[in-house]
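Structural overview
Chain residues, written in single-letter form:
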Amino acid sequence: QGTSHKRLHEEVRHELALKYLREPRLSISEVAFLLGFSHVTAFYKAFRRWENGATPAEFRADSALHTSPPPA
């Protein structure tokens, strides 16, 4: 209640984008495709809106720096 279908759709896309970008095996274009964007540029535009100007590549690089390696 108090929200629209479009808003919920955007929230899910945003959460999935963050999850997918933490997966290094997926390219950014694959992430855009999985989220239903017709063009990578549209994904970049939406992601920058969601993340206050950060690009998917910047988010991925920052996430990689803060991810601890798996135990040996």
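Before reading further, recall that the structure is shown in the block above.
This text gives an overview of the structure that appears in the document. Not measured: the values here are computed from a predicted model. (Residues numbered from 1 in each chain as written. Predicted model: local features only at pLDDT ≥ 70, side-chain atom pairs only at ≥ 80, totals over all residues. Heavy atoms only, no water.)

Observations regarding the overall build of the protein
Applicable threshold: Comment: elements are numbered from the N terminus, with helices defined as DSSP H or I runs of at least four residues and strands as E runs of at least two. It only takes one pair of heavy atoms within 4.5 Å for two residues to be counted as in contact. Here the Shrake-Rupley method, with its probe set to 1.4 Å, supplies the accessible areas, and only the displayed protein chains count as covering residues. Positive charges come from Lys and Arg alone, negative charges from Asp and Glu alone, with His and the N- and C-terminal ends not counted. For the purpose of locating charges, the reference atoms are NZ of Lys, CZ of Arg, CG of Asp and CD of Glu.
Looking only at helices and strands, the protein has four helices and zero strands in total. When the helices and strands of the protein are listed from N to C terminus, the series reads α-α-α-α. The dimensions of the protein, computed from C-alpha atoms along their principal axes, are 45 × 30 × 20 Å. Restricting the contact set of the protein to residue pairs at least 6 apart, pairs at least 24 apart contribute 43%. Just so you have it, the protein exposes about 5500 Å², and 57% of that area is on carbon and sulfur atoms. In the protein, the 10 positive side-chain charges and the 8 negative ones have mean positions that sit 5 Å from each other.

Side note on the packing of aromatic side chains
Under the convention used in this document: Paired rings are identified among Phe, Tyr and Trp, the last through its six-membered ring, by centres lying within 6.5 Å, and are further divided according to the angle between planes into stacked (under 30 degrees), edge-to-face (over 60) and tilted (the rest).
Throughout the structure, instances matching the rule amount to six aromatic pairs. Linked through ring pairs, Phe37, Phe43, Tyr44, Phe47, Trp50 and Phe59 together constitute an aromatic cluster.

Section: the pattern of salt bridges
Applicable threshold: Between Lys or Arg on one side and Asp or Glu on the other, a salt bridge is scored when a side-chain nitrogen of the former is within 4 Å of a carboxyl oxygen of the latter. Think of it in three bands: residues with accessible area under 20% of the maximum for their type are buried, residues over 50% are exposed, and the middle band is partly exposed, with areas taken using a 1.4 Å probe on protein chains only.
For the structure shown, the criterion picks out four salt bridges. A salt bridge links Glu10 to Arg49; the shortest N-O distance between them is 3.1 Å. Linking Glu10 in helix α1 (residues 5–21) with Arg49 in helix α3 (residues 40–50), this pair joins segments that are 39 residues apart in sequence. Residue class for Glu10 comes out buried when judged on its relative accessible area of 19%. Given a relative accessible area of 51%, Arg49 falls into the exposed group. A salt bridge links Arg25 to Glu23, with the nearest nitrogen and oxygen atoms 2.7 Å apart. Taking the relative accessible area as the measure of exposure, Glu23 reaches 26% and is therefore partly exposed. Connected through shared salt-bridge partners, Glu10, Arg13 and Arg49 make up one network.

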